[in-house]
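# Structure at a glance
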Amino acid sequence: TGVYFTYTNDTGDTVYAYKYLNGLKKLGDKVCYSTGYPANAIMSSLNGNTVVVYREAFNNNCLYVKKYDEKSNSWSMLLNGSMQANSAIIKQRGNLVYLLRNGTVVGDYKTYLYVYDMSQKASGWKQVGTNMVMDSAALEIDICFNGSLPYVVYSNGTDKTYAMTLKNNQWEQLGLKVSSQ
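To start, this report covers the structure provided alongside it. All values derive from a computational prediction rather than experimental measurement.

About the thresholds
Residues numbered from 1 in each chain as written. Predicted model: local features only at pLDDT ≥ 70, side-chain atom pairs only at ≥ 80, totals over all residues. Heavy atoms only, no water. Pairing = 2+ DSSP bridges. Helix = DSSP H or I, 4+ residues; strand = E, 2+ residues; numbered from the N terminus. Axes fitted to C-alpha atoms, helices over the stretch in contact; angles between N-to-C directions. Phe/Tyr/Trp six-rings, centres within 6.5 Å; stacked < 30°, edge-to-face > 60°. Buried < 20%, exposed > 50% of the residue type's maximum accessible area, 1.4 Å probe, protein only. Core = buried A, V, L, I, M, F, W, Y, C linked by side-chain atoms within 4.5 Å.

Overall, antiparallel pairing links the four strands, which are arranged S14-S15-S16-S17 in an open sheet. Every interior strand has two partners, whereas the edge strands, strand S14 (140-146) and strand S17 (170-173), have only one. Sheet twist, expressed as the mean angle between neighbouring strand axes with direction ignored, is 25°. As judged from the four bridges shared by strand S16 (residues 161-167) and S17, these two strands associate in the antiparallel manner. By the bridge assignment, Met 164 is partnered in S17 with Gln 173.

Below, the discussion takes up the sheet that holds strand S7 (residues 62-69). With respect to topology, four strands assemble into an open sheet ordered S5-S6-S7-S8, the strand pairing being antiparallel. Bordering the open sheet on either side are strand S5 (38-46) and strand S8 (74-84), each of which pairs with just one other strand. Here the strands of the sheet are splayed against their neighbours by 20° on average, with no regard to which way each runs. Looking at chain direction, strand S6 (residues 49-56) and S7 are connected through seven bridges and run antiparallel. Across the sheet, the residue bridging to Thr 50 is Tyr 68, located in S7.

Within this structure, the stated rule accounts for ten aromatic pairs. Seen in terms of ring centroids, Phe 5 and Tyr 18 are 5.5 Å apart; in terms of plane orientation they differ by 15°. Their pairing is stacked. Residue Phe 5 is located in strand S1 (residues 3-8), and its partner Tyr 18 is located in strand S2 (residues 14-20); the two are separated by 13 residues in the primary sequence. When the ring of Tyr 116 is compared with that of Trp 125, the centres are 5.1 Å apart and the planes differ by 40°; the resulting orientation is tilted. On the accessibility criterion, Tyr 116 (11% relative accessible area) is buried. Taken together, the ring pairs in this structure connect Phe 5, Tyr 7, Tyr 16 and Tyr 18 into an aromatic cluster.

In terms of nonpolar packing, the biggest core is built from 17 residues, with Leu 63, Val 65, Leu 99 and Trp 125 touching the most fellow members. For this core, the elements supplying multiple residues, two or more each, are S6, S7, S8, strand S9 (87-93), strand S10 (96-102) and strand S11 (110-117). Judged by nonpolar contacts, the second largest core, of 16 residues, contains Val 128, Val 133, Met 134 and Leu 166.

Okay, here's the thing in structure tokens:
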């Protein structure tokens, strides 16, 4: 419980994380320090598990995911730059961490969803579905769940919003566009 947030300092080289619950608590010394310009840090916290994803904009958009350990007040690596993305979203469901990454460089919009099982040591990141979620520019994108089934909702910036679901381990559009405004 509480409100969790991240921010990057004014020189763009350090990401910090905080929790607000009856006062402000800094989570670890810092999430990261990098000259690769860590950007777009996003945090997820569920049942005592707190994770952060960020990309290094000046390091080929490499993605990093770190997990917070409350006992040691420190961060450990779950993903060490082996994926690239223009943007990423991270969410949790039970012991699973879901990472949605969109594109790798300007003009690339291939979007994939990955899952990491925190209950297993060295589980690694596994792709969800045998195909990409979408191949479209995404102005807004998010992950949501119905039970344990993940859904991806996105707006492509042309006044249309879509929902994607897994069917027979393949991503497909759920119905028609959700909105036209």
